[in-house]
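# Coordinate inspection notes
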Amino acid sequence: MFKQKMPLALIHHALAAIVLVANGAAHAQTGTATYPTKPVKLVVGFAAGGPTDVVARAFADHASKALGQPFIIDNKPGAGTIIAAQAVASAPADGYTLLFGATNHTMIPALYQGRVKFDAVKSFRPLCTVAGSPTVLVVAPSLPVKTLAEYQTKARAEPGRVTAGTAGVGSSGHFATEIFARAQGLQLNHVPYKGAAPVVTDLMGGQLDSSFATLGSVLPQIQSGKLRALAVGAAKRSALVPDVPTFAEAGGGNYSADVWYGVLAPAGLPEPIAQALERTAADFAKSASAIDRLRGLGLDAESVCGNAFASRVAREVATYSQMAKALDLKAD
């Protein structure tokens, strides 16, 4: 059979095309395998110096060393963290703009219904939490209750008289208060403040009876005996206050209300980059230096990643939205 020979020029063109394709594929693979190749922006929806910012900077230090590129904090406070979340949701999904958020992220749909341009669930790829702080029920030393059972008994005997202070309407403490009160059939007198600090001051002064607060915000007062902790809203006791029972142990049912701090990316983040960031966040939460540093802030190091973190975000969005609707809560 006669076989036609391919001209030498065509052979050269074919080989060149193969090389170009191979180089392109290798470059595409290298683009994610060597991530990051430039500084990464970590957007924080709070001002510098606050709890979220401090945890974000600790994570950024670790990630910079682990991945070989600077992780730069970009503080964008305001509008209930909407400004920061919007900046990340609209950024390219390339791993170079990330959100360092907290539980506030899952409250946005509940409080700003129809007033945001992003979806708190669908617009993001939750990567990992790195720290958490359980809600703890604390009471003033002057309140004559020493256990959760005694607190509930007093609240039932005096409907609407036992005061519960929070950092404001729609805050994590407000939701935590209402969720527990409704589950237990209690009528608590919610007293909103402008921030957590005045709540603690009035609790110690006896102007307030109680507060469902994040453990980190009241840990020094618990340790010094200026406030009495009755129960922590977590699945297990906190190593920071090991003598304080969980709500379940104290007879408060399967109540859990904790604040998380973690990393989210724009939706559509390539899987190799997502895995690299998840590994970095998980390693940070497991490191002895992070555990010690977070403990000094009254926080527990924790690592909930991937699908588990995504499920948690979706679940919280649904819960807070239902609660906000029931209470007719809307942000100003």
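Our subject is the structure listed above.
All figures in this text were calculated on a predicted structure; none of them were measured in a lab.

Criteria and cut-off values
- Residues numbered from 1 in each chain as written.
- Predicted model: local features only at pLDDT ≥ 70, side-chain atom pairs only at ≥ 80, totals over all residues.
- Heavy atoms only, no water.
- Helix = DSSP H or I, 4+ residues; strand = E, 2+ residues; numbered from the N terminus.
- Buried < 20%, exposed > 50% of the residue type's maximum accessible area, 1.4 Å probe, protein only.
- Contact = heavy atoms within 4.5 Å.
- Areas by Shrake-Rupley, 256 points an atom, 1.4 Å probe, with all protein chains shown as cover.
- Polar contact = N/O pair within 3.5 Å; in protein donor to acceptor, adjacent residues only side chain to side chain.
- Phe/Tyr/Trp six-rings, centres within 6.5 Å; stacked < 30°, edge-to-face > 60°.
- Lys NZ or Arg CZ within 6 Å of the ring centre and 35° of its normal.
- Core = buried A, V, L, I, M, F, W, Y, C linked by side-chain atoms within 4.5 Å.
- Salt bridge = Lys/Arg side-chain N within 4 Å of Asp/Glu carboxyl O.
- Disulfide = S-S within 2.5 Å.
- Arc of directions from axis to C-beta.

It is worth spelling out the overall build of the protein chain at this point. When its secondary structure is counted, the protein chain shows 11 helices and 10 strands. The buried share among the 332 residues of the protein chain stands at 46%. Within the protein chain, counting contacts between residues at least 6 apart in sequence, those at least 24 apart form 78% of the total. Per element, the accessible surface of the protein chain, about 15,900 Å² overall, is 56% carbon and sulfur.

Attention now goes to the side chain of threonine 106. Mapping threonine 106 onto the fold places it in helix α4 (residues 104–111). Taking relative accessible area as the criterion, threonine 106 reaches 0% and is therefore assigned buried. Of the polar contacts made by the side chain of threonine 106, one reaches the side chain of glutamate 316; its length is 3.0 Å. Aside from chain neighbours lying at most four places away, what touches threonine 106 is Trp260, Val313, Glu316, Val317 and Tyr320.

Of note, the amide linkage connecting tyrosine 35 to proline 36 takes the cis form, showing an omega dihedral of -5°. As for its position among the elements, proline 36 is in the loop between α1 (8–33) and β1 (40–44). You will see that threonine 81, though not glycine, has its phi angle at about 75°, which is positive. Taking the relative accessible area as the measure of exposure, threonine 81 reaches 11% and is therefore buried.

Moving on to the packing of aromatic side chains. Applying the stated criterion across every chain yields a total of 13 aromatic pairs. Judged by centre distance (6.3 Å) and plane angle (15°), the rings of phenylalanine 212 and phenylalanine 247 are stacked. In this pair, phenylalanine 212 sits in strand β7 (residues 210–214) while phenylalanine 247 sits in the loop between β8 (228–233) and β9 (258–266), placing the two residues 35 residues apart along the sequence. Classification of phenylalanine 247 by relative accessible area gives buried; the value is 0%. One aromatic cluster is present, formed by Phe59, Phe71, Phe100 and Phe284 through successive ring pairs. Over the aromatic face of tyrosine 96 sits the side chain of lysine 38, whose NZ or CZ is 4.7 Å from the ring centroid.

The biggest cluster of nonpolar side chains holds 33 residues, and the ones touching the most others in it are Phe59, Leu98 and Phe100. Looking at this core, the elements that each hand over two or more residues are β1, α2 (51–67), β2 (71–75), β3 (97–102), β4 (124–139), β9, α9 (271–286) and α10 (288–295). With 6 residues, α2 is the largest single contributor of residues to this core. Grouped together as the second largest cluster of nonpolar side chains are 25 residues, Val43, Ala120, Ala324 and Ala331 included.

Applying the stated criterion across every chain yields a total of 10 salt bridges. A salt bridge links arginine 293 to aspartate 61, with the nearest nitrogen and oxygen atoms 3.6 Å apart. A residue pair is termed long-range when its members are at least 10 positions apart, and arginine 293 in helix α10 and aspartate 61 in helix α2 qualify at 232 residues. A salt bridge links arginine 237 to glutamate 249, with the nearest nitrogen and oxygen atoms 2.8 Å apart. Linking arginine 237 in the loop between β8 and β9 with glutamate 249 in the loop between β8 and β9, this pair joins segments that are 12 residues apart in sequence. Arginine 237 gets classed as partly exposed once you look at its relative accessible area, which sits at 38%.

Applying the stated criterion across every chain yields a total of 1 disulfide. Here cysteine 128 engages in a disulfide with cysteine 305; their sulfurs sit 1.7 Å apart. One quick way to see it: the torsion about the S-S bond of cysteine 128 and cysteine 305 is about 110°, and its sign makes the bridge right-handed. Within this pair, whereas cysteine 128 is found in strand β4, its partner cysteine 305 is found in the loop between β10 (300–301) and α11 (306–327), the two being separated by 177 residues in sequence. Residue classification places cysteine 128 among the buried positions, given a relative accessible area of 0%.

A word on helix α5 (residues 148–157). The set of residues buried in α5 consists of Leu148, Tyr151, Gln152 and Ala155. When α5 is viewed along its axis, its buried side chains cluster within an angular range of 95° and face the same direction. Of the exposed residues in α5, the ones pointing more than 90 degrees away from its buried face are Thr153 and Ala157. Buried-residue contacts for α5 involve β4, α6 (172–184), β7 and β8.

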